[in-house]
Each structure stands twice: as structure tokens, then as C-alpha cells.
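# Descriptive structure summary
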Amino acid sequence: MFPLCYNVLFGRGLTKEGLATEMVPLHLGNLERLLGTHGGQWFTGTFSLADVRVADLLIHLFDRALPGCLRPFPLLISLVERVRTRPNIAAYFASEQYARNDKFFAL
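Let me sum up the structure you'll find in this document. (Residues numbered from 1 in each chain as written. Predicted model: local features only at pLDDT ≥ 70, side-chain atom pairs only at ≥ 80, totals over all residues. Heavy atoms only, no water.)

### With respect to the overall build of the chain
Scanning the chain from N- to C-terminus turns up six helices and zero strands. Mapped in sequence order, the helices and strands of the chain form the string α-α-α-α-α-α. Across the 107 residues that make up the chain, the buried fraction comes to 32%. For the chain, the accessible area works out to roughly 6600 Å², and carbon and sulfur atoms hold 61% of it. (Helix = DSSP H or I, 4+ residues; strand = E, 2+ residues; numbered from the N terminus. Buried < 20%, exposed > 50% of the residue type's maximum accessible area, 1.4 Å probe, protein only. Areas by Shrake-Rupley, 256 points an atom, 1.4 Å probe, with all protein chains shown as cover.)

### Digging into the environment of Phe47
Examined against the element boundaries, Phe47 turns out to sit in the loop between helix H2 (16-37) and helix H3 (49-65). Residue class for Phe47 comes out partly exposed when judged on its relative accessible area of 28%. Along the chain, Phe47 and Arg82 lie 35 residues apart, while their C-alpha atoms are 9.6 Å from each other. Once residues within four sequence positions are removed from consideration, Phe47 is found in contact with Trp42, Val52, Val83, Arg86 and Ile89. (Contact = heavy atoms within 4.5 Å.)

### Focus on the packing of H2 against H3
The N-to-C vectors of H2 and H3 enclose an angle of 160°; their axes lie 12 Å apart at closest approach. Judged by the inter-axis angle, H2 sits roughly antiparallel to H3. Crossing of H2 against H3: the hand is left-handed. Between H2, through Lys16, Val24, Leu28 and Leu31, and H3, the contact on the second element is made entirely by Val54, Leu58, Phe62 and Ala65. Within the contact of H2 with H3, the residues separate by chemical class into seven nonpolar, no polar and one charged. (Axes fitted to C-alpha atoms, helices over the stretch in contact; angles between N-to-C directions. Parallel < 35°, antiparallel > 145°, perpendicular 65-115°, else oblique. Left-handed = near helix turned anticlockwise from the far one by under 90°. Nonpolar A, V, L, I, M, F, W, Y, C, P; charged D, E, K, R; others polar.)

### Topic: the packing of aromatic side chains
Evaluated as defined, the whole model comprises four aromatic pairs. With a centroid separation of 5.4 Å and an interplanar angle of 70°, the aromatic rings of Tyr92 and Tyr98 are classed as edge-to-face. Centroid distance Phe93 to Tyr98: 4.7 Å. Interplanar angle 90°. Geometry classified as edge-to-face. Under the relative-accessibility criterion, Phe93 is labelled partly exposed at 21%. For Tyr98, a relative accessible area of 9% puts it in the buried group. Joined through ring pairs, the aromatic side chains of Tyr92, Phe93 and Tyr98 make up one cluster. When the ring centre of Trp42 is taken as origin, the NZ or CZ atom of Arg82, which lies over that ring, is 5.1 Å away. The ring centre of Phe47 lies 3.7 Å from the NZ or CZ of Arg86, which sits over that ring. (Phe/Tyr/Trp six-rings, centres within 6.5 Å; stacked < 30°, edge-to-face > 60°. Lys NZ or Arg CZ within 6 Å of the ring centre and 35° of its normal.)

Here is the structure:
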């Protein structure tokens, strides 16, 4: 997924529109389907690093680059909310460290 977004950022063939209309629906659809095959809560059936990593991508890469792109994927939206509300992760999102790092993500 990162190479797709980097190609758009660096003007290597794929446009932001192409990313939004073709690649994101395809890849997020695949993630939604995979999440659904494991019960719709967690990618491996129980909370794991995979869930954190996908939520991070969805929050900081896809939703930032293409606001609203998650709307057609309710299982992924729900995953993001479950990950965000985990006590240690919620504390990190509320921290000064995250606020400093979040400025980087906004660039």
C-alpha cells in the first residue's frame, strides 16, 4: 500500500484520482473481506499487531490522503475505533509525543 501512495506523491504514473477510484477501493475491499473472514473484529481472531498496523495505515495514510475513503468499509471503520480506544493506544493518541508526531503526518 505504501508504494501506491508514494507513487502518487512523487508523480510516478498513478494519479490521486486513480488511487481514489481504483486502487484504494480494491485494497481496502480486500482488507475488509479478510477482516470479515475472521469474524469482523480482529484480523487474526484476537487483537494483534496486525490490527494496530492496519489501523495506523488507515488513520495516517489513507484517511489523511483521501478523506472519506473509509466510508464504504464499515468493518475497517469499526476496527479503527476498537484500536483507538485500547487504553494504551488511547493514552498515546492523547499524549504530547503523538501531538508532535501528528504534525509530521499532516505534511
